[in-house]
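# Chain and residue survey
Okay, here's what each chain looks like letter by letter:
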Amino acid sequence: MATIPKSSRRSPWHNTQRKPGERVNREPRYSSTRWRKLRALFLRENPTCVECGHLANVCDHITPVTQGGDFWHGPFQSMCDSCHARKSRTERKDLQGGRGV
């Protein structure tokens, strides 16, 4: 009986599969200790979403870094996940000239 070589048994995407919740091409500064401390401090001082008033868990750059906002000095705003997703979707549409995502 023929056997399949070990190198052929693995999925071709074996080393490139993402873990659940992992983002692609994430800005490396977001995983720095400096950013995590800044984010925690800001959310502790501003615990509610500026859009809906629910508990915030995102420290959002009001002016996107990709559009000239300052990464470390803000200005920032506290947002919940759903409001932040809506804002990000709108910013992506604007950046792409109004086309859908």
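Above this note sits the structure.
Residues numbered from 1 in each chain as written. Predicted model: local features only at pLDDT ≥ 70, side-chain atom pairs only at ≥ 80, totals over all residues. Heavy atoms only, no water.

## Let's talk about a positive patch on the surface
Side chains of Arg-86, Arg-89, Arg-92 and Lys-93 sit close together on the surface and give a patch of like positive charge. Structurally, Lys-93 is set in helix H3 (residues 81-95). Overall, Lys-93 belongs to the partly exposed group, its relative accessible area being 37%. (Patch = residues over 30% accessible without salt bridge, like charges linked within 9 Å, V, L, I, M, F, W, Y side chains within 5 Å. Areas by Shrake-Rupley, 256 points an atom, 1.4 Å probe, with all protein chains shown as cover. Salt bridge = Lys/Arg side-chain N within 4 Å of Asp/Glu carboxyl O. Lys, Arg positive; Asp, Glu negative; His and termini not counted. Charge placed at Lys NZ, Arg CZ, Asp CG, Glu CD. Helix = DSSP H or I, 4+ residues; strand = E, 2+ residues; numbered from the N terminus. Buried < 20%, exposed > 50% of the residue type's maximum accessible area, 1.4 Å probe, protein only.)

## Concerning the packing of aromatic side chains
Tallying each qualifying case throughout the model produces seven aromatic pairs. Summarising the aromatic geometry, the rings of Trp-35 and Phe-76 are spaced 5.7 Å apart at their centres and angled 65° between planes, so their arrangement reads as edge-to-face. You can see Trp-35 sitting in helix H2 (residues 33-45) and its partner Phe-76 sitting in strand E2 (residues 76-79), a full 41 residues away along the chain. By the burial criterion, Trp-35 is buried, and Phe-76 matches it. Ring pairing ties together the aromatic residues Tyr-30, Trp-35, Phe-42, Phe-71, Trp-72 and Phe-76, which thus form one cluster. For the cation-ring pair, Arg-29 lies above Phe-71, with the distance from its terminal atom to the ring centre recorded as 4.2 Å. Residue placement shows Arg-34 over the ring face of Trp-72; its charged tip is 4.0 Å from the ring centre. (Phe/Tyr/Trp six-rings, centres within 6.5 Å; stacked < 30°, edge-to-face > 60°. Lys NZ or Arg CZ within 6 Å of the ring centre and 35° of its normal.)

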